[in-house]
Amino acid sequence: MPHVLVAGNLHPSGRALLDSAPGLTVRYIDEISEPSYAPHIHDADALLIRTQPLTRDTIAKADRLRIVSRHGVGYDAVDVGALNRRGIALAVCGDVNSYSVAEHACMMILAASKRALRGDRAVRTGPWGWRNSLESQDLRGRNLLILGFGRIGRHTAEMMSGFGMTIRAFDPYLQGLGWPDGAVAEAGDLDAALGWADVISVSAPKADKPLIGAAQFAMMRDGVVIVNTARGGIVEESALIAALESGKVGAAGLDVFESEPPADDSPLTHFDQVILSPHIAGVTEGASERMALGSAQNIIDFFKDRIDPALVVNRREIGGGVTA
């Protein structure tokens with residue numbers, strides 16, 4: 001009988017689905033950390049994991065593990081190479097939260113551009129006369145650059161087009177596949193696009209080095225607004241802090257950080273033109289339920305030999321072995 005280890009608090013709908021699945025036993029560890037679940041990995045046939053790391057050392061203790069199911073679509077914290085060497089499948093959810101993340105990106109674009117925190121403070125503690133500083137910016141007629149034009153980037157473009165922005169997107173992956181039809185133009189040259197943009201929204205995957213660092217900030221317009229709802233480290237935080245201090249970046253919205261949670265004394269917490277949120281863009285109530293159901297269903301389907309191969313990200317590396 002396969003035994004499932006659930007690492008991290010799971011929406012009740014996901015728990016109900018696993019608990020009602022015949023032929024499975026389940027252990028729940030609500031704390032979201034590797035040390036909390038690692039002592040129980042040795043007898044798990046399946047691991048359902050949230051955002052906490054899954055390292056090589058923990059995988060080495062997983063004598064029975066056949067599948068890891070991510071509660072979401074990203075897997076930055078998972079040592080995929082170690083899974084591949086053991087022939088362990090890594091499954092992700094389908095499109096369960098792209099609209100949620102795009103909505104959050106739009107919220108941050110609006111809040112940062114309108115200086116929402118400063119406006120709120122002007123009412124609560126004053127001065128009311130802050131309104132005459134004219135810091136709040138219109139979006140109509142301004143230029144929006146979206147970095148990464150997958151599902152989230154495309155949804156963001158669709159939503160922000162309603163505000164009358166001119167929108168371009170940069171995505172080198174799509175350059176080899178052909179640009180999708182639609183009103184959003186391709187920004188073929190990143191450097192030129194950075195200098196064109198009034199607002200930049202980051203929806204790109206994380207690479208080996210930051211996509212936006214000091215050199216890229218130097219190319220931007222003074223007062224640019226930048227929003228990152230993708231991954232910490234895509235925007236180099238030290239360079240962003242310097243750009244905020246100099247005024248090169250007028251305002252920002254950050255849902256992700258190089259270290260999560262950021263340190264209590266992080267300089268980013270000192271800027272009242274920066275909107276911060278605790279990596280929650282894709283963690284709405286609705287998205288959380290969809291991710292819980294999707295990640296649980298992947299495990300059930302795996303042991304019934306019917307998992308969707310498109311959801312197994314390392315199917316080729318493990319020799320196509322996507323069944324129990």
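Computed from a prediction, not measured in an experiment: that's the story for all the values here.

A. Structural detail: the overall build of the protein. Assigned secondary structure in the protein consists of twelve helices and twelve strands. Against the compact-globule benchmark of 20 Å for 324 residues, the protein has a radius of gyration of 22 Å, which places it among compact chains. Projecting the C-alpha coordinates of the protein onto the three principal axes gives extents of approximately 70 × 50 × 30 Å. The long-range fraction of contacts in the protein, counting pairs at least 24 apart against all pairs at least 6 apart in sequence, stands at 58%. As presented, the protein carries roughly 14900 Å² of accessible surface, and 52% of it is formed by carbon and sulfur atoms. Between the centroid of the 31 positive side chains of the protein and the centroid of its 39 negative side chains there is a distance of 2 Å.

B. Spotlight on the environment of leucine 90. Within the secondary structure, leucine 90 is located in strand β5 (residues 89-91). Classification of leucine 90 as buried rests on a relative accessible area of 0%. If sequence neighbours within four positions are ignored, leucine 90 has contacts with Val68, Arg70, Tyr75, Val78, Val80, Leu83, Leu311, Val312, Val313 and Asn314.

C. Molecular detail of the sheet that holds strand β6 (residues 143-147). The seven strands lie next to each other as β8-β7-β6-β9-β10-β11-β12, forming an open sheet whose pairing is parallel. Both outer strands of the open sheet, β8 (185-186) and β12 (274-276), are each paired with one neighbouring strand and no more. Relative to strand β10 (residues 224-228), strand β9 (residues 199-202) runs parallel, the two being bridged by four bridges. Residue pairing for β10: valine 202 is matched across the bridge by asparagine 228. Across the sheet, helix α5 (residues 98-113) is in contact with β6, β9, β10, β11 (249-254) and β12; its angle to β10 comes to roughly 150 degrees.

D. Quick peek at unusual backbone geometry. A cis amide bond links glycine 126 with the next residue in sequence, proline 127, at an omega value of 0 degrees. With omega at -5 degrees, the peptide bond leading from glutamate 260 into proline 261 counts as cis. With respect to the helices, strands and loops of the structure, proline 261 is situated in the loop between β11 and β12. One non-glycine residue, leucine 134, adopts positive backbone phi at about 55 degrees. Mapped onto the fold, leucine 134 is located in the loop between α6 (116-124) and β6. With relative accessibility at 71%, the residue leucine 134 sits in the exposed group. Of note, the phi angle at aspartate 305 is positive, near 60 degrees, even though the residue is not glycine. Examined against the element boundaries, aspartate 305 turns out to sit in the segment after α12 (285-303).

E. Main features of the pattern of salt bridges. A complete count under the given rule lists 13 salt bridges for this structure. A salt bridge links aspartate 30 to arginine 15, with the shortest nitrogen-to-oxygen separation between them at 2.4 Å. A residue pair is termed long-range when its members are at least 10 positions apart, and aspartate 30 in the loop between β2 (25-29) and α2 (34-37) and arginine 15 in helix α1 (residues 12-20) qualify at 15 residues. The salt bridge partner of aspartate 95 is arginine 151, with a shortest N-O separation of 3.5 Å. Of this pair, aspartate 95 sits in the loop between β5 and α5 while arginine 151 sits in helix α7 (residues 151-160), and the two are 56 residues apart along the sequence. Given a relative accessible area of 43%, aspartate 95 falls into the partly exposed group. Looking at arginine 151, the relative accessible area reads 48%, which means it is partly exposed. Each of Arg115, Arg118, Arg121, Glu135 and Asp272 takes part in one network of salt bridges that share partners.

F. The side chain of arginine 50, seen in detail. Here arginine 50 lies in the loop between β3 (46-49) and α3 (56-60). Ignoring sequence-local partners within four residues, the contact set of arginine 50 consists of Ala7, Gly8, Asn9, Ile32, Arg70, His71 and Val283.

G. Structural detail: α6. Of the positions making up α6, those classed as buried are Arg118, Gly119 and Ala122. The arc that holds every buried residue of α6, seen down its axis, measures 100 degrees, which confines them to one face. Of the exposed residues in α6, the ones pointing more than 90 degrees away from its buried face are Val123 and Arg124. Within two residues after α6, glycine 126 carries a phi angle of roughly 85 degrees, on the positive side.

Conventions and cut-offs
- Residues numbered from 1 in each chain as written.
- Predicted model: local features only at pLDDT ≥ 70, side-chain atom pairs only at ≥ 80, totals over all residues.
- Heavy atoms only, no water.
- Helix = DSSP H or I, 4+ residues; strand = E, 2+ residues; numbered from the N terminus.
- Rg over C-alpha atoms; globule rule 2.2 N^0.38 Å.
- Contact = heavy atoms within 4.5 Å.
- Areas by Shrake-Rupley, 256 points an atom, 1.4 Å probe, with all protein chains shown as cover.
- Lys, Arg positive; Asp, Glu negative; His and termini not counted.
- Charge placed at Lys NZ, Arg CZ, Asp CG, Glu CD.
- Buried < 20%, exposed > 50% of the residue type's maximum accessible area, 1.4 Å probe, protein only.
- Pairing = 2+ DSSP bridges.
- Axes fitted to C-alpha atoms, helices over the stretch in contact; angles between N-to-C directions.
- Salt bridge = Lys/Arg side-chain N within 4 Å of Asp/Glu carboxyl O.
- Arc of directions from axis to C-beta.

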